[in-house]
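These are the residues of each chain, in order.
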Amino acid sequence: RLDYITGYYARAIECLSQCQKAENVLVIGFGTGGIVEAVLKCDEVRKVTVVELSETLIKNMHQIPSCKEILTDPRVELVIDDGRRFLNRNEQKFDAILMDPLRSSTAYSNNLYSRDFFALLKKRLNKGGVVMVWIDNWLELPRTIVSQFPYAKRYDTFCIASTDKMTLNQERKSAILGNFSVADRNAIETA
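*Asks:* Whenever I open this one, helix α1 (residues 5-16) confuses me. Can you help?
*Replies:* For an α-helix the count is 3.6 residues per turn, leaving residues at separations of three or four pointing the same way. Between its first and last C-alpha atoms α1 spans 17 Å; for 12 residues at 1.5 Å apiece the expected length is 16 Å, and the two agree. Within α1, 11 of the 12 residues are buried, which leaves it mostly tucked inside the rest of the structure. Buried within α1 are the following residues: Ile5, Thr6, Tyr8, Tyr9, Ala10, Arg11, Ala12, Ile13, Glu14, Cys15 and Leu16.

Encoded structure:
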């Protein structure tokens, strides 16, 4: 796992620190597991639904001990599916939805970075819920996000958004950070 994983931790922590509650979380795109790992560091989290398109990726991640530990956590429900299709197939609502699935210039990425998709995310958020989106397109993506969410904050590499005013829960943020090693915590705080 690469050094820049602390950036994924920082994104997840910021998202979870801005939502009203953090019990039921959806992560679209497993990648190398950094976002899911950080979500699991939040003691309030009861369930993490991970929707990953690539079954091969998950099989490969099971060969890496740290990723296998994440994937076998009893709070994790793994769904092999397309994120949009998953959201269209069920009515479940989440306290936080975090996504870092693919570059916005990748073929078919408009299925996940469109106004319609963000409207779908909005329907699947509980009151006070927050969406976190990795951003690689600084012009269209923020505008598309704010077309559906009246409250948004843009950071260097991601954006968080909600239909409700967001307030930092410093106690939750400190508790999550406290569940990381000192070295990781220092790296996260400077990420």
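*Asks:* So what exactly am I meant to see when it comes to the nonpolar core here?
*Replies:* The nonpolar side chains of soluble globular proteins are, as a tendency, buried together. Of all hydrophobic cores here, the largest spans 39 residues; its most connected members are Leu16, Val36, Val39, Val48 and Leu98. The element contributing the most residues to this core is α1, with 8 residues. With near-sequence residues (within four places) excluded, Leu16 lies in contact with Ala22, Val25, Val39, Cys42, Ala96, Arg172 and Ile176. Listed in part, the 25 residues of the second largest apolar core include Met99, Tyr113, Val131 and Ile145.

*Asks:* In this structure, what is going on with the environment of Met132? I would like to understand it.
*Replies:* Here Met132 is to be found in strand β5 (residues 125-134). Sequence-wise, Met132 and Thr56 are 76 residues apart; in three dimensions their C-alpha atoms are separated by 25 Å. With residues up to four places along the chain from it excluded, the contact list for Met132 reads Arg11, Cys15, Ile35, Ile97, Leu98, Met99, Phe158, Cys159 and Ile160.

*Asks:* Looking at this structure, I do not really get the sheet that holds β5. What am I missing?
*Replies:* Backbone hydrogen bonds are what pair the strands of a sheet, in a parallel or an antiparallel way. In space, the 7 strands of this open sheet follow the order β3-β2-β1-β4-β5-β7-β6, with mixed pairing throughout. Because the sheet does not close on itself, it has two edges, and the strands there are β3 (76-80) and β6 (151-154). On average, each strand axis in the sheet is tilted by 15 degrees relative to the strand beside it, whichever way the strands run. The sheet contact formed by strand β2 (residues 47-52) and β3 spans 5 bridges and is parallel. Each residue of the ladder has a partner; that of Thr49, found in β3, is Glu77. Each of β1 (24-28), β4 (94-99), β5 and β7 (158-162) is contacted by α1, which is oriented at about 160 degrees to β5, the strand it contacts most. Contacts from helix α6 (residues 115-123) reach β1, β4 and β5 within the one sheet, and its direction differs from that of β5 by about 145 degrees.

*Asks:* How should the state of the cysteines be read in this particular structure?
*Replies:* Here is the idea: a disulfide is a covalent bond, and it sits between the sulfur atoms of two cysteines. Per the stated rule, a full pass over the model turns up 0 disulfides. The thiol sulfur of Cys19 is not disulfide-bonded, and the nearest other cysteine sulfur, from Cys15, lies at 5.7 Å.

*Asks:* Would you take a moment to explain the pairing of β2 for this structure?
*Replies:* For a regular strand, side-chain orientation follows a simple rule: the groups alternate between the two sheet faces. Burial runs high along β2: 5 of the 6 residues are buried. Pairing analysis gives 5 bridges linking β1 to β2, with the strands arranged parallel. Paired with Val25 across the bridge in β2 is Val48. In this region the chain leaves β1, passes through helix α2 (residues 34-40) and returns to the parallel neighbour β2; the handedness of that crossover is right-handed.

*Asks:* Can you walk me through the packing of aromatic side chains in this structure?
*Replies:* Centre distance and the angle of the planes are the two values used to describe a pair of aromatic rings. Evaluation of the coordinates by the stated rule reveals 3 aromatic pairs. A ring pair is formed by Tyr155 and Phe158, whose centres lie 4.5 Å apart and whose planes are at 5 degrees; its orientation type is stacked. Taking the relative accessible area as the measure of exposure, Phe158 reaches 7% and is therefore buried. Lying across the ring of Tyr8, Arg11 places its NZ or CZ 4.6 Å from the centre. Seen from the ring of Phe180, Lys41 lies directly overhead, with NZ or CZ sitting 5.1 Å from the centre.

*Asks:* Help me out: how do you make sense of the packing of α1 against helix α9 (residues 182-190) in this one?
*Replies:* Helix-helix packing is described using two parameters, namely the angle between the two axes and the distance between the axes. Orientation of α1 relative to α9, taken along the N-to-C sense of each, is 75 degrees, at an axis distance of 8 Å. In terms of axis orientation, α1 runs roughly perpendicular to α9. Residues Thr6, Tyr9, Ala10 and Ile13 of α1 lie in contact with α9, whose contacting residues are Asp184, Ala187 and Ile188.

The rules behind these values
- Residues numbered from 1 in each chain as written.
- Predicted model: local features only at pLDDT ≥ 70, side-chain atom pairs only at ≥ 80, totals over all residues.
- Heavy atoms only, no water.
- Helix = DSSP H or I, 4+ residues; strand = E, 2+ residues; numbered from the N terminus.
- Expected span 1.5 Å × (residues − 1).
- Buried < 20%, exposed > 50% of the residue type's maximum accessible area, 1.4 Å probe, protein only.
- Core = buried A, V, L, I, M, F, W, Y, C linked by side-chain atoms within 4.5 Å.
- Contact = heavy atoms within 4.5 Å.
- Pairing = 2+ DSSP bridges.
- Axes fitted to C-alpha atoms, helices over the stretch in contact; angles between N-to-C directions.
- Disulfide = S-S within 2.5 Å.
- Right-handed = clockwise from strand over helix to strand, strands pointing away.
- Phe/Tyr/Trp six-rings, centres within 6.5 Å; stacked < 30°, edge-to-face > 60°.
- Lys NZ or Arg CZ within 6 Å of the ring centre and 35° of its normal.
- Parallel < 35°, antiparallel > 145°, perpendicular 65-115°, else oblique.

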